[in-house]
Amino acid sequence: MTSDVIIDVTGLNNRFGDSVVHENLDLQVRQGEIIGVVGGSGSGKSVLMRSILALHRPQAGRIGVLGHDALSADAANREYIEGNTGVLFQNAALFSSLTVLENVMVPLKEHSTLPESVMRDLAMVKIQLAGLSADAALKLPAELSGGMRKRAGIARALALDPALLFLDEPTAGLDPIGAAGFDQLILSIQRALGLTVFLITHDLDTLYTICDRVAVLADRRVLVNAPINEVAAFDHPWIQEYFHGPRGRAAEHAQEKL
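These numbers come from a predicted model, not from an experiment. (Residues numbered from 1 in each chain as written. Predicted model: local features only at pLDDT ≥ 70, side-chain atom pairs only at ≥ 80, totals over all residues. Heavy atoms only, no water.)

## Overview of the overall build of the chain
When helices and strands are tallied, the chain shows 11 helices and 10 strands. Its C-alpha radius of gyration of 18 Å places the chain within 12% of the 18 Å reference for a compact globule of 258 residues. Considered along the principal axes of its C-alpha atoms, the chain spans approximately 55 × 45 × 35 Å. The burial tally for the chain puts 49% of its 258 residues in the buried class. Total accessible area on the chain stands at roughly 12200 Å², and carbon and sulfur atoms take up 50% of it. (Helix = DSSP H or I, 4+ residues; strand = E, 2+ residues; numbered from the N terminus. Rg over C-alpha atoms; globule rule 2.2 N^0.38 Å. Buried < 20%, exposed > 50% of the residue type's maximum accessible area, 1.4 Å probe, protein only. Areas by Shrake-Rupley, 256 points an atom, 1.4 Å probe, with all protein chains shown as cover.)

## Some remarks on the environment of A152
Its location among the elements puts A152 in helix 6 (residues 146-157). The spatial distance from the C-alpha of A152 to the C-alpha of L55 is 22 Å, given a sequence separation of 97 residues. Dropping the residues within four chain positions of it, A152 is found in contact with L94, V100, V104 and L132. (Contact = heavy atoms within 4.5 Å.)

## Brief notes about the pattern of salt bridges
When the charged atoms of two side chains with opposite charge come close together, those side chains can pair. Inspection of the entire model under this criterion finds five salt bridges. With a closest N to O distance of 3.9 Å, R78 and E82 form a salt bridge. Of the two residues, R78 and E82 are both situated in helix 2 (residues 75-83); the distance of four residues between them amounts to about one turn of the helix. Residue K126 is joined to D161 by a salt bridge in which the shortest nitrogen-to-oxygen separation is 2.7 Å. (Salt bridge = Lys/Arg side-chain N within 4 Å of Asp/Glu carboxyl O.)

## What about the packing of aromatic side chains?
If you walk through the whole model with that rule in mind, you get three aromatic pairs. Here W238 and Y242 contribute two aromatic rings whose centre-to-centre distance is 4.6 Å and whose plane-to-plane angle is 15°, an arrangement assigned as stacked. Here Y242 and W238 lie together in helix 10 (residues 237-244), a separation of four residues that amounts to about one turn. By relative accessible area, which is 23% here, W238 ends up partly exposed. A relative accessible area of 17% places Y242 in the buried class. Here the aromatic residues W238, Y242 and F243 are joined through ring pairs into a cluster of three or more. (Phe/Tyr/Trp six-rings, centres within 6.5 Å; stacked < 30°, edge-to-face > 60°.)

## Structural notes on a nonpolar patch on the surface
Together, L114, V118 and L122 give the surface a local cluster of nonpolar side chains, amounting to about 200 Å² of exposed area. Relative to the assigned elements, L114 resides in the loop between helix 3 (100-111) and helix 4 (116-129). Since its relative accessible area comes to 36%, L114 is described here as partly exposed. (Patch = residues over 30% accessible without salt bridge, like charges linked within 9 Å, V, L, I, M, F, W, Y side chains within 5 Å.)

## Here's the deal with the sheet that holds strand 4 (residues 60-65)
If you walk across this open sheet you meet the four strands as 2-1-4-5, and the pairing is antiparallel. In this open sheet, the two edge strands, each paired with only one partner strand, are strand 2 (19-30) and strand 5 (68-69). In the sheet, strand 1 (residues 5-16) pairs with strand 2 via eight bridges, with the strands oriented antiparallel. Each residue of the ladder has a partner; that of V9, found in strand 2, is L27. (Pairing = 2+ DSSP bridges.)

## Things to note about the pairing of strand 7 (residues 164-168)
Among the five residues that make up strand 7, five are buried, leaving the element largely enclosed by the rest of the structure. Here strand 7 shows a buried face lined by L164, F166 and D168 and a second buried face lined by L165 and L167. The sheet contact formed by strand 6 (residues 85-88) and strand 7 spans four bridges and is parallel. From the neighbouring strand, L88 faces strand 7, where its bridge partner is L167. Looking at chain direction, strand 7 and strand 8 (residues 196-200) are connected through five bridges and run parallel. From the neighbouring strand, L164 faces strand 8, where its bridge partner is T196.

What follows is the structure in structure tokens.
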């Protein structure tokens, strides 16, 4: 693995019963980039992310994360990776009985021995970085809009100052204005903190607006992993339909106007 590769997946096989999701899948993610991962329903986007995070164990393959073996059973190895990765799952996955502030403090309590007052201060910084007010920090998730819950999820994902940020459909369920605002939030955070972002999405506007490269999952593997203009030109039926259908053309034209 070269020095700028922060995620290195080689020969990944995932199957569930007779259903083969990934077969000899390879993927490399470079340090400091935002990579968008796309594919049709059932192509295994979330399974790939869960494999990289060691939440699912594949049948075969190697996964390197931050220079460490992500599939190792060594506790210290796992602790290092967990302490340097942040995750925003779909629908934010916040603890419903905890306030936003308490949610953001959860990773700090699990992975640090800082005094409670320091953890609260750090959590408040991340909440404000995610674009939420001090008042929102004291609310329960049920008292927030969908967009605010996603911002709270981002704040929690950033709690440990991770090098790697994983986002699973971050703009799903948001209106176009809210989705555009969230894209800009991701981009500003990535630039400010120098993060590497692994982003699963179906949102073409997100791909065109903030992603450095796009990896397409189809036929049980990564077909292409390149800048979006190269991906859109790739000769494959799903890619051509996805990027050159009405929504794809609209997203491309909107980006050309910027």
